[in-house]
Amino acid sequence: MIVELPDLPASEALAQRIAAELKAGDVVALSGGLGAGKTTLARGIIAALGHQGEVPSPSFAIIELYEPPTVRLPLVHADFYRLEDPAEAEEIGLDDYRHGAAMLAEWPEHAGGFAHEPACLSILLESTENGRRAIVTAGPYWLERGSWT
C-alpha cells in the first residue's frame, strides 16, 4: 500500500492510524534515507499513544523506552543507525527490551531487519515531488486486523 504524505498533517494521520492498531509484540520498521521522515513518523506514533512532551531521537542512546501511564502500552523506540553489525542488537539486549512491548525501529536493516516477523509493519519513506510517501508492507498479524489490506 502507498500512502502519500504531502505535509505534516498527513504524516500525523498515518501515525494515528498505526498507533490505533499497535499491540505488544508488534514492530513498526521505519526505513528510508537520512531526512526521509522516520523520526517524525515515530514521534507522531508516540504522541498518538498518549505521550505528551518531548520525544528525543534515540540516535545516540539507540533505545528510548516509554511506559504506561505516559503511553497506552509499553514501547521501545530504537534507532539502529549506529550499529555496524546486526549482532550488536543482541549485545545491547534488544530481546529483553522488546518483551511485552511494541517497537518502533528506525534503520531496521542495521539490526538484521524485522520484515520476517509476522507482527511487523514495514514502512519505507521516500521523498517525492509533492512531499513524501510511505510504502507500507504489512505482516500477517497486521493484515488480520483488516485495515492494512
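Refer to the preceding data block for the structure.
This write-up is about the structure you can find in this document.

Scoring rules and cut-offs
- Residues numbered from 1 in each chain as written.
- Predicted model: local features only at pLDDT ≥ 70, side-chain atom pairs only at ≥ 80, totals over all residues.
- Heavy atoms only, no water.
- Phe/Tyr/Trp six-rings, centres within 6.5 Å; stacked < 30°, edge-to-face > 60°.
- Helix = DSSP H or I, 4+ residues; strand = E, 2+ residues; numbered from the N terminus.
- Buried < 20%, exposed > 50% of the residue type's maximum accessible area, 1.4 Å probe, protein only.
- Contact = heavy atoms within 4.5 Å.
- Expected span 1.5 Å × (residues − 1).
- Polar contact = N/O pair within 3.5 Å; in protein donor to acceptor, adjacent residues only side chain to side chain.

## Observations regarding the packing of aromatic side chains
Overall, the coordinates contain two aromatic pairs when judged by the stated rule. Where tyrosine 81 meets tryptophan 107, the ring centres are 4.8 Å apart and the plane angle is 55°; that geometry is what we call tilted. Residue tyrosine 81 is found in the loop between β4 (75–79) and α3 (87–91), and its partner tryptophan 107 is found in the loop between β5 (102–106) and β6 (120–128); the two are separated by 26 residues along the sequence. We classify tyrosine 81 as partly exposed; its relative accessible area is 41%. For tryptophan 107, a relative accessible area of 12% translates into the label buried.

## Digging into helix α2 (residues 38–48)
Within α2 the residues assigned to the buried category are Lys38, Thr39, Leu41, Ala42, Gly44, Ile45 and Ile46. If you follow the buried residues of α2, they end up packed against α1 (8–21), β2 (27–31), β3 (63–66), β4, β5 and β6. A positive backbone phi angle near 115° is found at glycine 50, which sits one or two residues after α2.

## Quick word on α1
Between its first and last C-alpha, α1 extends 20 Å over 14 residues, near the 20 Å set by a 1.5 Å rise per residue. The complete set of buried residues in α1 reads Ala10, Ser11, Leu14, Ala15, Ile18 and Ala19. Of the surrounding elements, those touching the buried residues of α1 are β1 (2–5), β2, α2, β6, β7 (131–138) and α5 (140–144). Between the side-chain oxygen of the N-cap and the backbone nitrogen of alanine 10 there are 3.0 Å, and the N-cap of α1 in question is aspartate 7.

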